[in-house]
Structures are given as C-alpha cells and as structure tokens.
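For reference, the chains in residue letters:
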Protein chains: 2
Amino acid sequence: MHIKSPSPNGSLLKIAVEELTKQGCSVTVSDLYAMQFEPRATRNDIVGHLHNSEAFNYGVETWEAYKRGCLSKDLVEEQKKVREADLLIFQFPLFWFNMPAILKGWMDRVLVQGFAYDFSKIYDGGLLQDKLSLFSFTTGVSQEIYSKEGIGGDIRYVLWPMQHGIMHFCGVKVLEPHICYAPENVSEEKRKEMLAAWTQRLKTLWKEEPINCSPEWYFK
Amino acid sequence: MHIKSPSPNGSLLKIAVEELTKQGCSVTVSDLYAMQFEPRATRNDIVGHLHNSEAFNYGVETWEAYKRGCLSKDLVEEQKKVREADLLIFQFPLFWFNMPAILKGWMDRVLVQGFAYDFSKIYDGGLLQDKLSLFSFTTGVSQEIYSKEGIGGDIRYVLWPMQHGIMHFCGVKVLEPHICYAPENVSEEKRKEMLAAWTQRLKTLWKEEPINCSPEWYFK
C-alpha cells in the first residue's frame, strides 16, 4: 500500500485543525479542491430569475439574490461558515504572487454585497467586523527573493490586495501572515522546524493583536 | 426581440478587436467565460501518468508534462496562442483588487515552467521576452478612491502582482495599463468618452515604450 506524502500546505492545515481543536475550538474546513469548488463567477450563482436580464452585472445580481435568498447552495453554505466563524485562516501555496484561482474564486463568489459589505459599510465599517483573518501560505522561492532589494520585492506588496483589498474591505481584522518560504527546497529538518513554528504560533494565536492594515504596514 | 446591452468590458474588447484588425493585425480572442475555461489547477491538466504520483506537485507535474507534450488540450491551445502573439491584452473587471478567478486560473495553468520561464530564465531572462502585455480593466469605484491618500491606495499597488509578478517574471514587457474607472456609475456621455479614449490609444499603441517594471514604478 502506498501512502501519499502530504503536501506542505496539507501538513500546515492538519496542524491548524489539530491544535485549534485541542484548544476547544470548533474547526470547520473548506477544502476547496476536495469540494471541487467552482471559482467562476457566473449567472449560475443566482437561482431563478435575474434582477436585470438585459445587462447582466454579477455584483448587482448576487447582491439582489442575497437579499432574496436566491444565491446558489454552495455560496449559502460558505457564507454560513463565515458567519459562524471568529477566525478565517486561508492556507494555500502562493501562485504567481497571489492566491490560486480556486481560492480567488471563493473570494469573488462568497463575499457578495449585502453579506460582506454594503454601500458605505466598507473597511472599518464592513459587515464582517467581528472576525479575524490570517493568510498562511507557502512560497516556491526563498525569503531573500522577497525583500525590498530582491527581485520579488517585499512580500508585503503581495499581501496588499488580499489583506487590505479583501479582508479589510469587509471589516475583517488581519493577523500577521504566516509564511513558509520554499518548503519544497529545504531539508527535512528545516521543514519540521517550519511545522513546529506554526504549532507554536497557534498556541498563543488568540492573544495576538491585529496588524494596522494601512499603506504604512505594506509600503514603508 | 431583446438586444442585451454589452458590458463595459465587452465594449472595450470589441473596440480592441476592431481597431487592431483595421490596422492589419491578426487578432485572436480567448473569451474565457464563453470557453468555460477551467480555472482550477489540478491533476487533470496532465494527460496520462504522473512524474511522481506519491506526492503531487502541480508545478513539477506540469513542467514535466510540458516537456513530454502531455499537457491537457485546452492548455496546449492557449500556449499556442501566446506563442504566436506579439501582444497580450488582458481585458477584465477588477474583482477584489485583482483579476477575476477565471483569468487568474488562466495564468496559473497556461504559464507553466518550460513554456513561460525556466530555472534561471526569469524576469528579463524569461522565455516570453519577445512579447508585450497590457492590462486593461474597469473598476467598481472612482479614481479618487485609488490614490496614495485614498482608502484604496494607489492603483499601481494592485498592478504589482499582475504586471511584475506574472508578466515581468516571464520576460513579457509591460505597456501602461488602461484603466476605466467606474464605467457603470458615470453618464452615458462619459462612458462614450472612455470608449473613444481606448480607440484613440490603440491607434498609436505600437509606438509606445514599455514601462520600467521595477518597484519604483509601483511604490515611489
């Protein structure tokens, strides 16, 4: 029998589930690939008739559908999970300076107007103000690449659209990101250290203060 | 009979096709929604056996499959279009400070190692050095929001992962982005001006110099 080796992200996910469960937290996992989560924002996200079928506008239609209770089932389920959560941890491998498309699709489709934000209810006034978020990801290349002087630039530059443009926009507070650099290219010992560091951080996670999610944090 | 109104992005696309065709260019369009393009990076992108089925690594597997000519048909077709192109124009509505998931999926799946970059063949040494790119997008909110002082920050901050992290990484040169701010919220007259400005720009596009795609362009 072959046992498949868990990917670094699989291991990090497993650690978070185990450690937080041990703390008494109720942990819900959305394993997007296993769920075959649909990343494409289309008309299918609205059950039944459209608000304006002459000129389809995804933002308007999902907002109207949210109010009518007519969003597709997969979105309703994800929104329920978000509504019940105190903390959202996003675990993923960095693909092209950003999250993989399947996770971007989760953001595009789940965080609809009316649910995550509304007219003037954005940023500190966003509708998900009672929540924390944490971006935990792995990179393909080493930390030196991601520095102000490195060709990849400061890693914080890639966090701006995710942390500020999505989470902060919805009012969600942002904890320091957790970054494992190039886990596929380091020794087994170093990889174990990375996993141990994540376990260690999770132990005191609830005592952490959110970052000040303003341009200064990212670009100064 | 009802005629559906074209979306702003649909209109911008149509203008580019018409104007560039008029110039004698051969224009190929990948309309990702119409193609129902798959954004999810999975094992299905590799036809036949895996290089290492014990520990699936998408980057390694697609690189190996590219070398063996075993990438899935949709990827081979998109790579052919890229290979034959002098200029790649990406037309999309900005979703959450980034491209929509379906387009991110195109980046994740099409630009594989061996095709778009290789070991030390990255950035100015990337494999797609003979090409130009242009990000043309619409926003939901006005230009004032996207300034250094605005809550959205400088619009260039969101361009870093796309232009530098993807295009520049592959060696593709980057033309100035083309941004239409909040076309859904302006008058019909203003919208017509936006479309006319795009037509106008396209007339002299081939005379433009690429931007200097370094941190200074984005963050200074």
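Residues numbered from 1 in each chain as written. Chains lettered and ligands numbered in written order. Predicted model: local features only at pLDDT ≥ 70, side-chain atom pairs only at ≥ 80, totals over all residues. Heavy atoms only, no water.

Looking up chain A in an unreviewed UniProt entry gives the name Ribosyldihydronicotinamide dehydrogenase [quinone], with the organism given as Taeniopygia guttata. For chain A, the Catalytic activity (unreviewed entry) comment in UniProt is given as "1-(beta-D-ribofuranosyl)-1,4-dihydronicotinamide + a quinone + H(+) = beta-nicotinamide D-riboside + a quinol". Entered under Subcellular location (unreviewed entry) in the UniProt record, the comment concerning chain A runs "Cytoplasm". (UniProt positions renumbered as here; feature names shortened; annotations may be inferred.)

**Details of the nonpolar core**
Counting 104 residues, the largest nonpolar core has A:Met107, A:Leu111, B:Met107 and B:Leu111 as its most contacted members. Leaving out residues up to four positions away in the same chain, A:Leu111 has contacts with A:Trp106, A:Ala116, A:Tyr117, A:Leu128, A:Ile166, A:Met167, A:Cys170 and B:Trp96. (Core = buried A, V, L, I, M, F, W, Y, C linked by side-chain atoms within 4.5 Å. Buried < 20%, exposed > 50% of the residue type's maximum accessible area, 1.4 Å probe, protein only. Contact = heavy atoms within 4.5 Å.)

**Brief notes about helix 3 (residues 73–84) of chain A**
In this model helix 3 of chain A runs 17 Å from its N-terminal to its C-terminal C-alpha over 12 residues, within 8% of the 16 Å that 1.5 Å per residue would give. The elements touched by buried residues of helix 3 of chain A are helix 2 (58–68), strand 1 (87–93) and helix 4 (101–110) of chain A. (Helix = DSSP H or I, 4+ residues; strand = E, 2+ residues; numbered from the N terminus. Expected span 1.5 Å × (residues − 1).)

**Quick notes on the interface of chain A and chain B**
Across the contact, 46 residues belong to chain A and 46 residues belong to chain B. For the pair chain A and chain B, the two sides together bury roughly 3900 Å², of which 63% comes from carbon and sulfur. Contact with chain B buries surface across chain A, with A:Arg40, A:Glu54 and A:Trp96 losing the most and accounting together for 22% of the total. At the junction of chain A and chain B, the tally comes to 0 salt bridges. Joining chain A to chain B, the criterion identifies 16 residue pairs in polar contact (both at pLDDT 80 or more). Counting only elements with at least two residues in the side of chain A that touches chain B, the list comes to helix 4 and helix 5 (155–167) of chain A. Of the residues forming the side of chain A that touches chain B, the biggest block, 7 residues, is contributed by helix 5 of chain A. (Buried area = accessible area lost by both parts, 1.4 Å probe. Salt bridge = Lys/Arg side-chain N within 4 Å of Asp/Glu carboxyl O. Polar contact = N/O pair within 3.5 Å; in protein donor to acceptor, adjacent residues only side chain to side chain.)

**Observations concerning the pattern of salt bridges**
Residues and elements named next belong to chain B. Under the defined criterion, the tally for this structure stands at 33 salt bridges over all chains. The salt bridge involving Glu77 is made with Lys73; its shortest N-O contact spans 3.2 Å. Placement of both Glu77 and Lys73 in helix 3 (residues 73–84) is noted, with a separation of 4 residues, approximately one turn of the helix. We note a salt bridge from Arg191 to Glu188, for which the minimum N-O separation is 2.7 Å. Placement of the pair is Arg191 and Glu188 together in helix 6 (residues 188–203), with a separation of 3 residues, close to one helical turn.

**A look at the packing of aromatic side chains**
Applying the stated criterion to the full structure yields 45 aromatic pairs over all chains. Aromatic pair A:Trp96 and B:Phe169: ring centres 5.4 Å apart, planes at 85 degrees, arrangement edge-to-face. Of the two residues, A:Trp96 sits in the loop between strand 1 and helix 4 while B:Phe169 sits in the loop between helix 5 (155–167) and strand 3 (173–174), which places them in two different chains. Look at A:Trp96 and you get buried, because its relative accessible area is 12%. B:Phe169 gets classed as buried once you look at its relative accessible area, which sits at 18%. (Phe/Tyr/Trp six-rings, centres within 6.5 Å; stacked < 30°, edge-to-face > 60°.)

**Concerning the side chain of B:Ser133**
All names here are of chain B. As for its placement among the helices and strands, Ser133 is situated in strand 2 (residues 132–138). Given a relative accessible area of 0%, Ser133 falls into the buried group. For Ser133, the residues in contact, after removing those within four places along its chain, are Leu87, Leu88, Phe90, Met167, Val172, Lys173, Val174 and Leu175.

**Notes on unusual backbone geometry**
All names here are of chain B. Although it is not a glycine, Trp96 adopts a positive phi angle of roughly 50 degrees. Positioned with a positive phi, Tyr123 is a non-glycine residue whose angle comes to about 50 degrees. With respect to the secondary-structure elements, Tyr123 resides in the loop between helix 4 (101–110) and strand 2.

**Section: the relation of the copies chain A and chain B**
When chain A is fitted to chain B, the residual RMSD is 0.0 Å, and the transformation amounts to a turn of 180 degrees plus an axial shift of 0.0 Å. Seen this way, the second copy is the image of the first under a two-fold rotation axis. Considering only C-alpha atoms, the part of chain A nearest the rotation axis is A:Ala101, at 2.4 Å. Most of the interface of chain A is mirrored in chain B, where 100% of its interface residues are also at the interface. (Least-squares fit on C-alpha atoms with pLDDT ≥ 70 in both.)

**Brief notes about the environment of B:Trp217**
Residue and element names in this part refer to chain B. In this fold, Trp217 is placed in helix 7 (residues 215–219). For Trp217, a relative accessible area of 11% corresponds to the buried category. Between the C-alpha atom of Trp217 and that of Arg156, which follows or precedes it by 61 residues, the distance is 7.9 Å. With residues near it in sequence (within four places) discarded, Trp217 still touches Arg156, Leu159, Gln163, Glu176, Pro177, Ile211 and Asn212.

**A short note on helix 5 of chain A**
All names here are of chain A. The end-to-end C-alpha distance of helix 5 is 17 Å, a good match for the 18 Å that 13 residues give at a rise of 1.5 Å each. Among the 13 residues that make up helix 5, 12 are buried, leaving the element largely enclosed by the rest of the structure. Among the residues of helix 5, those classed as buried are Ile155, Tyr157, Val158, Leu159, Trp160, Pro161, Met162, Gln163, His164, Gly165, Ile166 and Met167. The opening residue of helix 5, the one whose side-chain oxygen lies 2.9 Å from the backbone nitrogen of Arg156, is Asp154.

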